[in-house]
Amino acid sequence: MGQREMRRRVTRVGVIAVAAALLLSGCSPQYMVLNPVGPVGKKELDLILLSTVLIMMVILPVLALLFYIVWRYRDKPGNKAPYQPRWSENKVLEVIWWGIPIVVVAILGTATVKTTYALVKPPETNVKPLTVEVVSLDWKWLFLYPDQGVATVNYCEIPTGVPVQFELTSDAPMNSFWVPQLGGQEYTMPGMAMRLWLQADKPGTYYGHGANFTGEGFAHDEFRVVAVDETKFNDWVTHVKQTAPALTKAGYAQLKRPSIMGTASYKSFPPGLFNDTVWADGGQYMPGMLNDVPGGAPKHGMQDTSSMSSRMAQEAHMSS
Amino acid sequence: MWEAIRQFGDTYLMWKEGPLIWASDVLILLTIAGIVAVLTYFKKWKWLWDEWLTTVDHKKIGIMYLICALLMFFRGGVDALLMRTQLALPNNHFLDAEHYDQIFTTHGTIMILFMAMPFIFALFNIAVPLQIGARDVAFPYLNAISFWLFFFGALLFNISFVFGGSPDAGWTSYPPLTELGFDKGPGENYYLVSLLISGIGTIGTGINFIATILKMRAPGMTMMKMPLFSWAVLASSIVILTVFPALNVALALLLIDRLFGAHFFTIQAGGNPMMFINLFWVWGHPEVYIVVLVAFGVYSEVVATFSRKEIFGYKSMVASLMAITIVGDLTWVHHFFTMGAGPDVNSFFAVSTMAVGIPTGVKMFNWLFTMYRGRIRLTLPMLWTLAFIVCFAFAGATGVMLAAAPADYQYHNSYFLVAHFHQALIGGVVFGMLAGMYYWWPKMFGFKLDERLGRWAFWLFNLGFYVCFVPQYALGFMGMQRRMYTYPAVFGWGPLNFISTVGAYIMGLGFLFIVAQVLYSIKYGERDVTGDIWDGRTLEWSLPSPVPHYNFAVIPYVTHRDMWWELKEQGRTQELRPRPEDIRPIHMPNNSGRPFLLGVCFFVAGLGFVFAWWLLAVLGLLGVGACLLARSFETHDEHDVPAEEIRRYEAQLGRL
């Protein structure tokens, strides 16, 4: 018995050591989720930490109690611990342990609901937000900048300190847009426009990847978010406008074909490409998906230069 | 002619795919040849048919479920090791994307539907009628149908690997990836059809055990005197009945989309793929409770037996089972918080998900305090139960963390999630099933599984578990997505993945020890001569092991919750021995080959649907109809076991 107890203790120490090592190494930047560079990721990290602490306050004592009880009441000749085979009810104790989890859920539930509502608003209200339309394709990411008129593939340049509203859709199987260091993900779905606020406060290049399985090329469905200060961002826009080719409809049809590719930049893209894609992929059947916008649903190939989604972002900005 | 054969070989047998397929073909042929040879050599065909294929005895059906579950555990485990081998190093090319995708799909589907489900049904069948003092389940014929539908569903799913190709869109099978536009092959059809067939059987089992528990308890056994395992089975069966229809509807609609060009889930034509995802998880999340509630039932039996103490807070235990049953049905949206349902919906489901933690926490405390002031024997079932408490505490903790919707935006689809649900399903369900298997094994087979080999299996499997999955939590924080067949070296995911793979192999070694343990114990295991090898508490331990086919020669009158233990305490065990004058002829259901044939017909029809071979599909369905028709004209489906025969048999067992 002693040997077994010993072995269990060794295992336990091992587990704690591994856990500690993981926590410590969490400080290294490789742990993207634990090293957010923007307010959204930070809020989510706060909730991760709060829930971890709360839940550890419950389970660590429970586990300690488990080891104590198993040790104390083990079936061994000469064990002097009390043995009461009929002791099976105690109102006070039961009220306590119905109560503890209820309190924990109440605290964590409140924090969760607060953060849930906070994250649908722009993280910063006194800065004019940037809108980026995102189309997930097999197996690449297309970024459209309706206000700048440029487009990119597999990398997304954003200014630091500016809230970015990502408008998400898919022109391929459902995917999920995830940039761990900026904050959590949102699904991209054909025929639907989804919204996700993110913001980078530190310049840098951040890893992004499709997070929902999309078939054979999924493992290579990677992109970068490049955060630079606002002047550099504007320089970049100008540079792309001057040097890159235009994305034509034929070019988009080419992009849509399943393939894996590097990055690309375009000085322009067909106007309304995002909305037309959503509409054609089924947005026309989704009540409220596009109709809640002044001007109503877009016509196929409409020549509206100011994208409706960017107007929406501006409205959100003004109303808040 | 040769051309036709070659084309058949390339299209259906996939001979161009390489050594993985060839090796599987050879293994399958050798296995079949081996089985046929052994059965023929030992002249066991008739025995197989009379004793097993046509049986309606719940104990034998339970054993068949158990064998299938262990075989599928092996298959799913091999899938897991193939995946972990591929992921051990960055930029590895042990498997290509296509095979990896098929393997993670079959791993998930098999482990949930063809391993966990038959494992819980094995325990349903083995323990419930004995615990509640019944001679069989309420509908023995339906019970056999349920088994054979499961069996042929599983068979259909498994042959896909070497005949036409396995599904490769994940066990969750989300459209539009699974619609014709993106996935033409027969693999996805295999998934839909085989799950539909076994799903019908599962609903039958749910109905069967609700009826059995509500209507077939021995006189005197009120609901509040019923053993907690039977309560857990009732809870699980209620969840089956409420959610499995949702899965079957979702699968059927998607199949109609694929086979007949409907558009239930194709948004380009006005369908809604999010509806599939909702229906899938309306089943998928409660499915976790379907399996884990049964494991909770096992733990309640094991903890009380091996602490030699009444279960603490029986009423709380029942209340928490029922609370999980109800609240568990309201917690599916946390599987897609990131689908944009909005903060109202996400808030509701975040809190409801956390709320499931409340009754679960209560059960934890009650198990702890059952041991408190008891006398704890560290037998194999008890070891697995203790390991469960540790493992599941962390699974619950990470579950509550995942329930916090905004935090879930960061965990979702990452290895953190993968680690969490493996901890819940292995730590919660697999540990529970193994505990249950060790606990009731002597009751099924009349001998105990060897402790020494079992301890090796236990320590290896547990050690392997943590080595495998703790690094995966970290990988989630490092931004690694699930379902990537390979990954680059630059993110530093390599070392942790390597450790994780080592852990998976240690678990595999643990499983081999279980196999060795079973084989060794068949010959050398301690024989159970008393029928009460664990000093048990409930009615099944008052019977000899293995139990006679009619279970109870005389149905007992139940006066206490822990009836058998109570009588042992009071020295009144003789009261559960049959008295010759009380023995009456027993009404038993007849064996029938029809449930087996019905399964074959479903299999044939299923194969027809998979490949859109309509003649085969129609033939299969006609066979199904014929079986149903034949059953409805059957008038003599029961027989009497004469009292004299029972007396003779009981005397032989030394009980008269």
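Just so you know, these numbers come straight off a predicted model, no measurement behind them. (Residues numbered from 1 in each chain as written. Chains lettered and ligands numbered in written order. Predicted model: local features only at pLDDT ≥ 70, side-chain atom pairs only at ≥ 80, totals over all residues.)

Enquirer: Where do I start with the overall build of chain B in this structure?
Expert: If you tally the helices and strands in chain B, you get 20 helices and 2 strands. The C-alpha atoms of chain B give 25 Å as radius of gyration, which agrees with the globular expectation for 656 residues (26 Å, within 12%). Its C-alpha atoms give chain B principal-axis dimensions of about 75 × 60 × 45 Å. Expressed as a percentage of its 656 residues, the buried residues of chain B come to 59%. (Helix = DSSP H or I, 4+ residues; strand = E, 2+ residues; numbered from the N terminus. Rg over C-alpha atoms; globule rule 2.2 N^0.38 Å. Buried ≥ 20, exposed ≤ 12 C-beta atoms within 10 Å, placed from the backbone.)

Enquirer: Where do I start with the sheet that holds strand E1 (residues 130-137) of chain A in this structure?
Expert: Within a beta sheet, neighbouring strands are joined by backbone hydrogen bonds and run either parallel or antiparallel to one another. Residue and element names in this part refer to chain A. Read across the open sheet, the 6 strands follow the order E8-E5-E1-E2-E3-E11; overall the sheet is mixed. Looking at which strands have only one partner, the edges of the open sheet turn out to be strand E8 (194-198) and strand E11 (264-266). Shown here is a sheet whose adjacent strand axes are inclined to one another by a mean of 20°, direction ignored. (Pairing = 2+ DSSP bridges. Axes fitted to C-alpha atoms, helices over the stretch in contact; angles between N-to-C directions.)

Enquirer: Would you take a moment to explain the UniProt feature "transmembrane region" (unreviewed entry) in chain A for this structure?
Expert: Residues and elements named next belong to chain A. UniProt feature "transmembrane region" (unreviewed entry): in the numbering of this structure it lies at residues 48-71 and 92-113. With 100% helix and 0% strand, the stretch residues 48-71 has end C-alpha atoms that lie 34 Å from each other. Taken end to end, residues 92-113 comprises 100% helix and 0% strand; its first and last C-alpha atoms sit 31 Å apart. (UniProt positions renumbered as here; feature names shortened; annotations may be inferred.)

Enquirer: Help me out: how do you make sense of the pairing of strand E10 (residues 222-228) of chain A in this one?
Expert: One face of the sheet, then the other: side chains in a regular strand alternate in exactly this way. All names here are of chain A. The alternating pattern of E10 places Phe223, Val225 and Ala227 on a buried face, while none of Glu222, Arg224, Val226 and Val228, on the opposite face, is buried. In the sheet, strand E4 (residues 155-159) pairs with E10 via 5 bridges, with the strands oriented parallel. Paired with Cys156 across the two strands is Val225, which belongs to E10. As paired elements, strand E9 (residues 204-210) and E10 share 6 bridges and run antiparallel to each other. Looking across to E10, one finds that His209 is bridged to Glu222.

Enquirer: Can you walk me through the packing of helix H2 (residues 39-72) of chain A against helix H11 (residues 343-371) of chain B in this structure?
Expert: Relative placement of two packed helices is described by the angle separating their axes and the distance separating the axes. Their axes nearest at 9 Å, the elements H2 of chain A and H11 of chain B cross at an angle of 20°. The orientation of H2 of chain A relative to H11 of chain B falls into the category roughly parallel. When you trace H2 of chain A past H11 of chain B, the crossing you get is left-handed. Along the contact surface, H2 of chain A presents Val62, Leu65, Leu66, Ile69 and Val70 of chain A, while H11 of chain B presents Met364, Leu368 and Met371 of chain B. Across the contact of H2 of chain A with H11 of chain B, the residue classes tally to 8 nonpolar, no polar and no charged. (Parallel < 35°, antiparallel > 145°, perpendicular 65-115°, else oblique. Left-handed = near helix turned anticlockwise from the far one by under 90°. Contact = placed C-beta atoms within 7 Å. Nonpolar A, V, L, I, M, F, W, Y, C, P; charged D, E, K, R; others polar.)

Enquirer: Before we go on, may I ask you to explain the sheet that holds E9 of chain A in this structure?
Expert: Residues and elements named next belong to chain A. Ordered by their spatial adjacency, 5 strands build an open sheet running E4-E10-E9-E6-E7, and the pairing between neighbours is mixed. Strand pairing shows two members of the sheet lacking a second neighbour, E4 and strand E7 (183-188), which therefore form its edges. Ignoring which end each strand starts from, the neighbouring axes of this sheet average 20° apart. Lying on the sheet, helix H4 (residues 230-243) is in contact with E4 and E10; it crosses E4 at an angle near 135°.

Enquirer: For this particular structure, what's the right way to read the interface of chain A and chain B?
Expert: Reports of interface size often rely on the accessible area that becomes lost once the parts have come together. Contacts between chain A and chain B engage 76 residues on the former and 76 residues on the latter. Mapped by element, the contributors of at least two residues to the side of chain A that touches chain B are helix H1 (2-25), H2, helix H3 (91-118), E7 and E9 of chain A.

Enquirer: Would you take a moment to explain the domain arrangement of chain A for this structure?
Expert: Residue and element names in this part refer to chain A. Splitting chain A by domain gives domain 1 (31-118) and domain 2 (130-286 + 307-319). For domain 1 versus domain 2, the distance between C-alpha centres works out to 41 Å. In this complex, domain 1 contributes 10 residues to the contact, which on the side of domain 2 involves 14 residues. For the side of domain 1 that touches domain 2, the per-class residue count stands at 6 nonpolar, 3 polar and 1 charged. (Domains from an automatic or database assignment.)

Enquirer: What am I meant to see in helix H9 (residues 273-307) of chain B here?
Expert: Residue pairs spaced three or four apart in an α-helix point in one direction, given the helix's 3.6 residues per turn. Residue and element names in this part refer to chain B. Under the 1.5 Å per step criterion, the end-to-end length of H9 is 51 Å for 35 residues, consistent within 8% with the ideal 51 Å. The principal kink in H9, of about 30°, is found at Trp281. For H9, the buried fraction is high: 32 of the 35 residues fall into the buried class. Just past H9, the residue Arg308 takes up positive phi, approximately 50°. (Expected span 1.5 Å × (residues − 1). Bend = angle between axes of the 7 residues up to and from the residue.)

Enquirer: Any chance you could explain the UniProt feature "domain: Cytochrome oxidase subunit I profile" (unreviewed entry) in chain B here in plain terms?
Expert: According to UniProt, the positions carrying the feature "domain: Cytochrome oxidase subunit I profile" (unreviewed entry) are residues 43-559 of chain B. The span residues 43-559 of chain B shows a helical share of 69% and a strand share of 0%, and its end C-alpha atoms are spaced 48 Å apart.

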